[in-house]
Structure formats: structure tokens, C-alpha cells
Amino acid sequence: MKRTLLSVSIVVAAAICAPAQTIKVPESWDKLAAKADDVVNVSLDKKMLQFASKFMEEDENEKHLVSKLNGIYVHSLEFKNEGEFTESDVDPIRTQLQGPEWIHIVDVHNKTERENVVIYLKMVNNQSLGMAILVEEPKELTFVHLDGPISPGDLSDLSGSFGIPKNLHVSEKETSKPKAEIKK
Amino acid sequence: MALSTTAEGPTRTSDFAELVEAHQAMVFSLAYHFLHDRTAAEEIAQDVFLELHLHVNELESSEHLISWLRRVALNRCIDEGRRRKRRREAQIEELPEPIAPAANVDQWTHERLRRLVATLPEHMRMVIVLRYQEDLDPEDIAAALHIPVNTVKSQLQRALQMLREKAGAVKRT
Amino acid sequence: MDHRQEDQFEYQLKSALHRQEPPNGFTVRVLARLEPARPEPWPQPWLHLPSLRWALACALGIAVFAGGWMFQQERRRAEGEAARQQVMLALRITGAKMQLAEARVRHLSER
């Protein structure tokens, strides 16, 4: 996926609005960004999401999902060469996701491909209050945090949109399990 | 002729036509004697009056009007002369002498003199035209051209000398 | 060349350079060129009417206000569109990473 370097007004606007991103991306990512070939930083707080949802006329599901979220934060770095980042760049994020409310719904470690894909769900009182995705690939490092009442069911409503898989169905029951971990 | 149009605002066509008629000979002749080209002289004269129409309300008296017309006409003549030089149009010296008619020697002499005037350097030409067409004395010429009176006098002398020499040379050939 | 001759030469010069009238119809030609270039008299007489002046001022004010409002709307629309694009980009990245997860899970399940 080819992405372009973004230093967009939305990030600036979001910075002005001081979005309360609950999971902090370590400062080392700023240094990594300087080395990266492609950088995507999207920080949209609730106010910006509600504003954006007014312009999303095509799909009611998208609009509904976006408007009920408290924030969308995406940080993605794509490098020319492998091995530009280390575990120490990712550990601070993992540490923040170790609280009791965060559960792993997918945890794949592929040594052959040298990929780690972990999907977390924030569960409070049996309610999903957020989702985080941390993906380490040889030349790519991605962290996505969807803050707000989002459930796998919401994502299945978006099946087919934005490349979200149609058959990634994780039941509420499954999500309440402590960990659904698959390791290779 | 006093400028009656300053207070009332834009010039009426009839008033302006009167101004043109009153001063057209002066403006046309300045251009004609400078360039020795009737077509170009009419074009320049027309341009001068079109410019006058834009500025007529700024002129305070008939004296002011006349000096303004002389200045604008001469400036345009200088521009046209330089433009022609750049375009390497046929110089007046290169044109054949007028054939002398047996009947009207005066006319032939005048035409020859006008041609010789048109071959003078531009500043001398201006001085000669203002002196002998407009009948201005050296002081008035100096004021009109914004140059010292002594410069006017020396240019007049040199121009006359050059004209006499050229006239003599033409006579001899 | 004596003074008499000199006077004669200057006299001839004066005669040669006497003022000449331009070709016939000069004034008409000047006026004809003047017609299309003549600026509109300003202000227009009807503008002296106070009510018309007020109406014009009001219309101008409304036009300025409407222009400003339209500019604001257009700017807001552009900002909204940029925000929407950001949301789309974020969700596309999310989708791509979920696809990756799904592919890995499916691969392991099939084994």
C-alpha cells in the first residue's frame, strides 16, 4: 500500500484542539518518522470526527460509526530498508495496553514473515470502549487506536468498506475471554 | 482662448473640437517639420489631441495649453524618430532630392530646407523648429525644453551653420 | 556670407517652416477616435439621488456580506472534506491491517 507523506491540516487542527489520545505513541517514533519513506499521522478527536461525519453522505453505517467514536489515531511508518525499528520502539505501546481492560482478540506472531499483528479490544463492564491494532512488519510499523464504543459488530457492518474483511466476526462472547492468542 | 471647461467637468465635444481647430496647425507642423512625413505627423498630432482630451481639465490657461501641446508633440516626435532609427527606416538623407520645378523655385527651396532640417540631430531640430516655426526667442525655447539659454543659442548657431553647409553642398551638386 | 545673406537664409528658413494645416477633416478624425475612448462621465447624474445612493450602498453591502458568507461556507466545506479524507485514510489503514490479521489467522486455521 503506497501512502504519501502527510502533514495535513487536520493534524494541525487536531493539535490545536489538543485531542486526548489515551494511548501515547513513544517519542522515538518521531525520530523513526525522520528515517521513514512514508509517514501517516492521523489524529482526529471527537469534535473533528463529528465535523467529518457531516461530510460522509455516502454510507450511513460509516457515518454512524465515525460519529460515535471519541477519536481515531493512526500512526504508520514505512521504511525503505528492514530493521529500522526495534522492540524498544514498540514496547511502550504494549505496556499501555497491558491494563486489565485491554484484551487481545488476535495475536499473531509469524517468524517466517517476521510479522507481529495484535488486535486489542478495550472492555469495561462487558462493553467495548475501544480498539487498538499494533502491526510490526519488516519494513512497516503501524499503530491504530479507535477510541470509543466500537465493537467487532460495528466493524462487520463496515464489511467490504475500507478493506475491512467481511468474515472477521468475533462474537461478544469471544471478546469477553481473557485472550484469544494464536502464536506460531 | 481661455479654457472654459475646467469648472464644469468633462469637456463637451464642441468645445474640444474648437481647441483642436485652434491648435492643429501648430501641433501638426511641429511633427511634420521634425519628421518630414505628413502621414506620421498627422498620426502624432491626433495622438497628442487624444491625450489632451484626457488632461484638458488639468490645464489652467491658454498659455499652459500651448506649452503643454508643444511639449507633448515634441516628446512624441522624439519617440517616433528613435523608433524609426531602431527600425532602420529609410533616413531622410538617403531619399532623392526633390526635382526642381522651373515654375516655382521658392517652393522647391522650402522643400529642400525642410528636408535638411529633418536631417539635423534631434535637439538641434527641436531648437530650429521652435525658433523658426513657432517664432520663439532663445529664452522661451530654453523654458520649453528645460535647457539653459546658452545651450539654446549655441545649438541654434551650430544648427544654422550645418544647414548652410548642407544647403551649399546640395547647391554645388 | 554677409549679414544680408544670413538674414536671407533665416528668412527662407522661416518661410519653409511656416505652420501648415493638417489634411482636411483632421478634427473630424480626432473626434472619431475620441468617441470610443471617451470615459463615462462620473458620477452619473442619477447617482445624485440620495435614495438611489443608499440602495446602491445597501446592495453593495449585501453583496460583500453574501460573498463573505459564501467564502466561509466554501472554506468550511474544504475543511470538512479534508477531515473526511483523513477518516477514510485512517479506516483504510485499519482495514488493511485487519485484513492482514485475518489472512494470518486463516492461514493458521487451515494448517
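Residues numbered from 1 in each chain as written. Chains lettered and ligands numbered in written order. Predicted model: local features only at pLDDT ≥ 70, side-chain atom pairs only at ≥ 80, totals over all residues. Heavy atoms only, no water.

### Points about the overall build of chain A
Along the backbone of chain A there are seven helices and six strands. For chain A, the proportion of its 184 residues judged to be buried stands at 50%. Once local pairs closer than 6 in sequence are excluded, the contacts in chain A between residues at least 24 apart make up 63%. Only carbon and sulfur atoms are counted for the fraction: they give 52% of the accessible area of chain A, which is about 9,000 Å². (Helix = DSSP H or I, 4+ residues; strand = E, 2+ residues; numbered from the N terminus. Buried < 20%, exposed > 50% of the residue type's maximum accessible area, 1.4 Å probe, protein only. Contact = heavy atoms within 4.5 Å. Areas by Shrake-Rupley, 256 points an atom, 1.4 Å probe, with all protein chains shown as cover.)

### Things to note about the interface of chain C and chain B
With 26 residues of chain C at the contact, the number on the chain B side is 38 residues. Carbon and sulfur atoms supply 64% of the area that chain C and chain B bury against each other, a total of about 3,200 Å² over both sides. When the buried surface of chain C facing chain B is broken down by residue, C:Leu17, C:Arg19 and C:Gln20 rank first, second and third, together holding 22% of it. The interface formed by chain C and chain B contains four salt bridges. Notably, a salt bridge pairs B:Asp135 with C:Lys14, separated by 3.0 Å at the nearest N-O pair. For the pair chain C and chain B, the number of links is 11 residue pairs in polar contact (both at pLDDT 80 or more). The residue makeup of the side of chain C that touches chain B, split by class, is 12 nonpolar, five polar and nine charged. (Buried area = accessible area lost by both parts, 1.4 Å probe. Salt bridge = Lys/Arg side-chain N within 4 Å of Asp/Glu carboxyl O. Polar contact = N/O pair within 3.5 Å; in protein donor to acceptor, adjacent residues only side chain to side chain. Nonpolar A, V, L, I, M, F, W, Y, C, P; charged D, E, K, R; others polar.)

### What to know about the pattern of salt bridges
Counted by the stated rule, this structure contains 23 salt bridges over all chains. Between A:Arg94 and A:Glu136 there is a salt bridge; the shortest N-O distance is 2.4 Å. Of this pair, A:Arg94 sits in helix α5 (residues 87-96) while A:Glu136 sits in strand β5 (residues 127-137), and the two are 42 residues apart along the sequence. In this structure, B:Arg76 and B:Asp47 form a salt bridge, with 3.9 Å as the shortest nitrogen-oxygen distance. In this pair, B:Arg76 is assigned in helix α3 (residues 62-86) and B:Asp47 in helix α2 (residues 38-55), connecting sequence segments 29 residues apart. Residue classification places B:Arg76 among the partly exposed positions, given a relative accessible area of 28%. Ionic contacts of the salt-bridge type, sharing partners, join the residues A:Glu87, A:Asp91, A:Arg94 and A:Glu136 into one network.

### Observations regarding the packing of helix α3 (residues 46-53) of chain A against helix α3 (residues 50-110) of chain C
In contact at an axis separation of 8 Å, α3(A) and α3(C) are set at 105° when each is read in the N-to-C sense. As far as their axial angle goes, α3(C) and α3(A) are roughly perpendicular. For the pair α3(A) and α3(C), contact is made by A:Met48, A:Leu49, A:Phe51 and A:Ala52 and by C:Arg76, C:Glu79, C:Gly80, C:Ala83, C:Arg84 and C:Val87, respectively. Of the residues assigned to the contact of α3(A) with α3(C), the class counts are six nonpolar, one polar and three charged. (Axes fitted to C-alpha atoms, helices over the stretch in contact; angles between N-to-C directions. Parallel < 35°, antiparallel > 145°, perpendicular 65-115°, else oblique.)

### Describing the nonpolar core
Nonpolar side chains tend to gather and get buried jointly when the protein is soluble and globular. Ranked by size, the top nonpolar core spans 59 residues in total, and within it B:Phe16, B:Phe49, B:Leu52, B:Leu69, B:Ile128 and C:Leu13 carry the most contacts. Element by element, the count of residues in this core is highest for helix α1 (residues 13-35) of chain B, at 12 residues. Of all hydrophobic cores here, the second largest spans 38 residues; its members include A:Leu44, A:Met56, A:Met123 and C:Val87. (Core = buried A, V, L, I, M, F, W, Y, C linked by side-chain atoms within 4.5 Å.)

### Let's talk about the packing of α1(B) against α2(B)
All names here are of chain B. Running from N to C, α1 and α2 cross one another at 140°; their axes reach a closest spacing of 8 Å. The orientation of α1 relative to α2 falls into the category oblique. The crossing of α1 and α2 is right-handed. Note on element contacts: α2 touches α1 through Arg38, Ala40, Ala41, Glu42, Ile44, Ala45, Val48, Phe49, Leu52 and His53, opposite Phe16, Leu19, Val20, His23, Gln24, Val27, Phe28, Ala31, Tyr32 and Leu35. Residue composition of the contact of α1 with α2, grouped by class: 15 nonpolar, three polar and two charged. (Left-handed = near helix turned anticlockwise from the far one by under 90°.)

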